[in-house]
Structure formats: structure tokens, C-alpha cells
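Observations on the model geometry
Each chain is listed here by its residues.
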Amino acid sequence: MRQGSRRPFAQIAESLSRERPRLILLGPLALMGGAAWYLLRETEPGLLGLCLIAAGCAAAAAAVALWPTGALGGPARFARTGLAAALALSAAFAIGAMAGAIKAGSRPDTTLTAPVEAAALTGFILDRDRSGDRLRLLLQVTAFEGGSASPRRVRISLSQSQAAFLRPGRHVRCIADLSPPAAPLAPGAYDFQRRAFFDGLDAVGFSRGRCRPAPAPALSVPDRGRLWLAAARADLAAGIVDAAPSQGGAIAAAMIVGDRSAMTEETVAALQDSGLAHIVSVSGLHMAVVGGFIFFLLKRGLAFFPRLALRVPVSKIAAAGALAALALYLLISGGSVPAQRAAIMAAVAFGAILLDRPPISMRGLGLAALVIVLVEPEAVVEPGFQMSFAATTALVAAYEALAHPNGPKGSPGPLIGGLQAFGRAMTGAVATSLVAGAATELFALQHFQRLTVYGLPVNLAASPLIAFVVAPAAVAAAVLAPFGLADGPLLVMAAALDLILAFAEAFAARPEAVQAIPPLAPMAFGLFCAGLIMLCLWRGPLRWVAAPLAVAGAFAQLVAGPPVLVFDPALSHVYARDAGGEPLRLSALRERSFERDRLLALLGASREGSGYAALLAQGGAARRAPPTLQPLDCVPGGACAATLSGGSQALWHPPLEPPLADPIVPSSTHIPTGPRLIIRPNSDASAQADAALDLAPGRGGIIRSGPQGLTIRLGPPPDSDRPWRTAPEPP
């Protein structure tokens, strides 16, 4: 009996003993958890309190770990080890939150706090891109005339007709209507305000008329170097497009330089709807391809000189060359935040080769994550980092599971060996797409609310072309450019990208290519993420912990239910789902397409549905009235009511509207000025009126309908004390 009672502890201890080398990987995960906790809170935690918690937990962990074991038995020793680990992870969690607080506190307070009309701003063009049919400029402001504000970086959009003149490095003067970066429309929507804060973007807006050249002031040496690099990147992008004037050349410019201004709106839409939008964002894929190709080229090239290869560490020289190439590529591509994160991860891998460590390992990935969280803690809540980290973690786990270090090394001959190498390379490219695609799908659905049905086959078709045609052609163009011979490789690269674009257009044109999927409930998403981490992190029986976590995630999603109503902070855009699943618009105010598309995506409304089509078809005065897709109680130009899925009711009151004789709201209820949204959990008119939820403008929200009834989740309050929050514009 005594041995049987100790057997579970022995089994657990044995499993943990086998996983001991990987337990240290929990540290970076705790750091990421702490940074995410800090960034997602509604209120600002005190930095001093976080420091005290981190120091206290670290000291307690050290004391418990160093306490003499004495005659402690197996269970007691296991409990002591677990306590020390929990305290250490708590300290790491607090350190992650501290990193976020320190980064936010070190940012100068230059964000615009209120809209400004007809502001005169002068500045240098740092970058430009394209949004639809308009040009967007990122300006480093040197003079601002628009009140007491002093923004340093501003992004404005203007007519595409000025693209030839407005190039990076130019000093211009513009008249623009500016506003603070927008807060998220509802919980689960992209938080552009937080991203702009950490990126140093202080205001966004639209230019009034044309931007004109202005005399440039004296600049410091770093600023001159930054502007020279921006101008050189623009010239390089123009040269690529001139050498390959097709859309393949425009995609090549985006991949090499990070300049998407030559890509048409149709090309961007085709890449997005086919699941290939990631190829034009300089990130982990590009760094891996460029670094890996340079490493392979240098290592194989040096092997052709036997005397040299026998006397010098060829792999280390190739790794150093790959690091230099990555640094140059990071500069040429503009050094965007995703590119910086990818460069850190690649630098850790090649640095491991220089230190005679395995380049592909979970520890190396954990070290890269540690550096990223400490340097850029805001990255942990960004879709790009989450998808890149998930894909890399899954690929490393698959490599560790399938690698056979003791397998055959030789080949029967040059021909058969070459065919075998080519087959392994093709198999690796296909397997990489499969594993990375499966690992990132959860995050793509959660953040973008869309499922690209043909994303996997399109990526499988594109991966070999990118690895074996596009990347070598880009490297050849870089080598031959000083001799004026880059046009040939650029044409080859553009031709391959045109073929990839043709695949994308063919699949994106299918009516079922994109399916709208509402975001998961936060608890369900967290449990699924934990299950994915457990599946990739452990190599023994502990890996099966992922199964109950996945089951718990599915149960949490079932309890939360699907979203049935979403609304923005101003209550000017309110959308619901009827019992048939079609979207309804409840607000009768003027509708804007950006808010409509973002909120309908959170609702999981498909663009192919009849309800969505009816919403898009409305125009002019008709847009002020909601579509009658079901029996909808609407007063012309006034209040609207709808019965939601599950029998709940929603009533929207317009601004300055007197109370209506409605069973949901008693006649004595006072409706203040401004729109109101009233939600009643059921349609029973005899129920108590105070069971209804009365919402005023100020916070966006999403309402779900589950087996236990309605649950509401509200967005950040307008008076939040977070450093990146500013009060919204009054409706």
C-alpha cells in the first residue's frame, strides 16, 4: 500500500526528470505572460509594486531551493522543488510586467490628445506606403502649427497623384486634419492606439490639398543617416519596379525593401484572400530564407577549397557571413518591428553556430523570446509575433521529433545524391508549410476573424518557388547590382512572383475562398494556446497534457457561446445577428465602412451572406435606416429593436430621442441625450424592466449568447489611466 501510494509521485518525478533540460523554457513563457498581463489590463499597475513582487519572489525561490533537504522523502522533495519553481516563475512573470511598464514609461508624452483641423505641419518623409487608392506618408515633424500639441511622428494619407514627388527623404509642408490614434472599436478588435504608442506614432489624418516642398532645417548626424537610408530604399524600390514593371516586380520591391506603394489594391486583396499576405511583410520567413541561403552558399562555396576548408571553421565563417547579410537586409528593408524580431531570432540561431551549439533548439528559441520580451515587451500581444513564435516553436518541435542524427550521411553518387538532396529540400519546404500553417491558424482566426480556405495549398505551391527561385534570384541581384547586371535576376524573381500571384488570384476568386469566423472567447483562446505550447514544449508523456487543455478550451467556448451583438464606443455602429445568422444594423446614424467591416468581422458575418450584401448595397439616405432582413421594429429615422438569437432583445435609441412606448423600457424611464443601447436577456414583456442592460456611449462591447444566457465584454473605458489611452472624440 505504501509503495502504491508513492507510485504516482514517482511517475510524475520520473516524467519531470526526463524533461528537466526543458523546464528552463518556462521562464521565457512566464515573461511573455507577465508582459501580456500588463498590456491587456484596464488599469495601470504600480512599477514599485511589480519590483517588490519580483524581488520577493526571486528571493523566496532562492531560499527554498537552497534550503537543506535533510531527510525529506520523495513527495516532500518534489513539493519543495515545485514551490521553488512556482516562485521563480512568479518572479519572471513580474519581470515581464516590469519590462512593459518601463517601456511605456520611457516613451515621451507627445501623442495628440484631441482632433486638430487644418494643422500646418512640416517634416521629413520617413516612409510611404499605400492604403487602397491613397498614398500614406510617415513624417518626422520639424514644425507644427495646430495648438499646444507637439507630435513628433505623424502619418497622413493623400492623393496617389503626388507619389512621384513625395519620396522618402524629402522635406515637405502639408495642411492636414489630424486626430489621435483610434482606440479599439470593441474587445477583440485590433488595438491600433497601443501599437501606435509603442511605435512612436503620435497622430494620423488626411491631407488637405497638396503637400509642397519646404526648406530643410539642419539635422544631427543620426537623423541625416536615417533620412539618407530612407531615400536610398526608395531609389532601390523604384529601380526594382523599373526593371520588372509587372506586379511581380512590385511584390519584389515589397519583399526586398519593404515598400508596398507599387502594389495595386487588387494584388493586395488577392494575397490576403489566398493566405499569402505574409510574403510581402518582411518577417521570419524572409530572414530565414535570406540567412539560410547565404549560410548554405558560403559553406558550400568554401568547401570547394579543400586546403582552406581543412584549416578554418567553415560553418562559423558562413554563420558570420549570414549574420552580416541579415544586418544589411534589416537596414535595406526599413527595420520594421516585425523584421527586428525576426532578425533577433535568426541572430540567436547563427550565434549558436559560432558558439558550437545546435542552431535549431528550443533553448535557442527561448533565448530569442527572452531578448524580444525584454527589448520589445509590447510584441507579445501583436498578431505578427504570436504567429511567428507559434510557427517557429512548432517547426523546432517537429525538427526535434523527426531528426535522425545517426542516419546515413553519404550518397550513392553525384546524380542520385543530387536527386535525393533535391527531394529532401522539396519535402522540407512542403513540411514546413504544413507545420507552420497548422500552428498559426489559431492566431489567424482569433486576430483576423477570417479563414482562408485555400491558404494551405497556395502556400504549398508558393514555398518551393520562394525557396528555390525567388530567394536565389534576390541574392544574385544583390551581388550583381554593383556591376549593373541586376535586371536579369530581378526579371526571374518577378516572373516567379507573377506565377505565385496567378495562383493567389485563381484561388482568391473562388466564392468560398474566405470564410468569416468570429473570435474565440478569451478563456477558450488562452486554453488552446496553452495546449499548443504543451504539445510543442514537452517530448515525453507530459505532451499529452495538451489534450485536456484542448477539451477545456472547447468547453469554455461552448459555455461562452457565439457573439450576437457588437457595438462601437460611440454607439453609432451597432450590429446584431438574428436567429438565422444574418447581420442586422440597429443604429440609424451615418455609417462608415471601416467601422462596419471591423465590427461585422467580430460578429463573424460572412461577406457572402445576404445580410452583408444588403448592408453593402445601402447608400445615400437609405444607409440611415437599418435593413429589414427579419421582422424589425423600427421607427423611421428613430429607434430600432431586434430579437436576437436565443430570444433576447436589443433596443437602440438615437440621440435626443424621447422615450418610446415599448415593453422593454417603462414609459417613466428617462433617456438622456445621445444614443442608447438597451439589452434585455429575454423577450418576455412581463419580466422586470430593471433586468435590462442600459448602455451609454463611451465603451465598445461584444455580447455573446451561451447556454447560461448573455455575457457582455466591454472595451477600455474612456477615462483609462493607461499611458496609450486618450479620450475618444465625442459622438
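Helix and strand content of the chain: 22 helices and 18 strands. Classification of the 731 residues of the chain by burial places 42% in the buried group. For the chain, long-range pairs separated by at least 24 residues make up 69% of all intrachain contacts whose partners lie at least 6 apart in sequence. As displayed, the chain has an accessible area near 35,200 Å², and 65% of this comes from carbon and sulfur atoms.

Looking now at the pairing of strand S2 (residues 134-145). Looking along a regular strand, one sees side chains alternate from face to face of the sheet. In terms of strand pairing, strand S1 (residues 116-131) meets S2 through 11 bridges, oriented antiparallel. Of the residues in S2, the one forming a bridge with Phe124 is Gln140. If you look at the hairpin formed by S1 and S2, you'll find 2 residues sitting between the two strands, and Gly132 has a positive phi there, around 65 degrees. Where S2 meets strand S3 (residues 153-159), 7 bridges bridge the pair, whose relative direction is antiparallel. Paired with Arg134 across the strands is Ser159, a residue of S3.

Over its 16 residues, helix H19 (residues 522-537) runs 22 Å from end to end, which matches the ideal 22 Å to within 8%, given 1.5 Å per residue. For H19, the set of buried residues is Ala524, Phe525, Leu527, Cys529, Gly531, Met534, Cys536 and Leu537.

Looking now at the side chain of Arg676. Looking at where Arg676 falls in the secondary structure, it is placed in strand S15 (residues 676-680). Within the structure, the side chain of Arg676 is placed 3.4 Å from the side chain of Asp694, a separation counted as a polar contact.

The next subject is the packing of aromatic side chains. A complete count under the given rule lists 9 aromatic pairs for this structure. Between Phe198 and Trp724, the aromatic rings sit 5.6 Å apart at their centres with planes inclined by 45 degrees, giving tilted as the arrangement. Highlighted residues: Phe198 in helix H6 (residues 192-199) and Trp724 in the segment after strand S18 (709-714), separated in sequence by 526 residues. Here Phe198 falls in the buried class, since its relative accessible area comes to 13%. What makes Trp724 buried here is its relative accessible area of 2%.

Here the focus is the sheet that holds S18. The 5 strands are arranged S11-S10-S9-S17-S18 in an open sheet whose pairing can be described as antiparallel. Looking at the sheet topology across the chains shown, the edges are occupied by strand S11 (583-585) and S18. Neighbour to neighbour, the strand axes of the sheet diverge by 20 degrees on average, direction disregarded. Alignment of strand S17 (residues 701-706) against S18, held across 6 bridges, turns out to be antiparallel. Within the sheet, the bridge partner assigned to Gly706 lies in S18 and is Gly709. Strands in contact with helix H21 (residues 593-603) are strand S9 (563-567), strand S10 (574-577), S11 and S17; relative to S9, the strand with the most contacts, it is inclined by about 160 degrees.

Let us now look at the packing of H19 against helix H20 (residues 546-560). The geometry of H19 relative to H20 is characterised by a closest axis approach of 8 Å and an angle of 165 degrees between their N-to-C directions. When the axes of H19 and H20 are compared, the pair comes out roughly antiparallel. Of the two elements, H19 crosses H20, and the hand of that crossing is left-handed. Where H19 abuts H20, its residues Met523, Ala524, Leu527, Phe528, Ala530, Gly531, Met534 and Leu535 lie against Ala546, Leu549, Ala550, Ala552, Gly553, Ala554, Ala556 and Gln557. Tallied by class, the residues present in the contact of H19 with H20 amount to 13 nonpolar, 3 polar and no charged.

Before going further, it helps to spend a moment on the environment of Glu117. Take Glu117: it is sitting in strand S1. Glu117 gets classed as exposed once you look at its relative accessible area, which sits at 64%. Apart from residues no more than four positions distant in its own chain, Glu117 is found in contact with Ala176, Asp177 and Arg208.

Before going further, it helps to examine the environment of Gln386. When you line up the elements, Gln386 lands in helix H15 (residues 383-402). Overall, Gln386 belongs to the buried group, its relative accessible area being 15%. Sequence separation of Gln386 and Phe443 is 57 residues, and the distance between their C-alpha atoms is 7.1 Å. When near neighbours in sequence (up to four residues on either side) are disregarded, Gln386 contacts Val380, Val381, Phe443, His447 and Phe525. There is a polar contact of 2.7 Å between the side chain of Gln386 and the side chain of His447.

On the surface, Ile95, Leu367, Val371, Leu374 and Val375 cluster together to form a nonpolar patch covering roughly 390 Å² of accessible area. Note on placement: Leu367 falls in helix H14 (residues 362-375). In this structure Leu367 comes out as partly exposed when scored by relative accessible area, which is 44%.

Conventions used here
Residues numbered from 1 in each chain as written. Predicted model: local features only at pLDDT ≥ 70, side-chain atom pairs only at ≥ 80, totals over all residues. Heavy atoms only, no water. Helix = DSSP H or I, 4+ residues; strand = E, 2+ residues; numbered from the N terminus. Buried < 20%, exposed > 50% of the residue type's maximum accessible area, 1.4 Å probe, protein only. Contact = heavy atoms within 4.5 Å. Areas by Shrake-Rupley, 256 points an atom, 1.4 Å probe, with all protein chains shown as cover. Pairing = 2+ DSSP bridges. Expected span 1.5 Å × (residues − 1). Polar contact = N/O pair within 3.5 Å; in protein donor to acceptor, adjacent residues only side chain to side chain. Phe/Tyr/Trp six-rings, centres within 6.5 Å; stacked < 30°, edge-to-face > 60°. Axes fitted to C-alpha atoms, helices over the stretch in contact; angles between N-to-C directions. Parallel < 35°, antiparallel > 145°, perpendicular 65-115°, else oblique. Left-handed = near helix turned anticlockwise from the far one by under 90°. Nonpolar A, V, L, I, M, F, W, Y, C, P; charged D, E, K, R; others polar. Patch = residues over 30% accessible without salt bridge, like charges linked within 9 Å, V, L, I, M, F, W, Y side chains within 5 Å. Salt bridge = Lys/Arg side-chain N within 4 Å of Asp/Glu carboxyl O.

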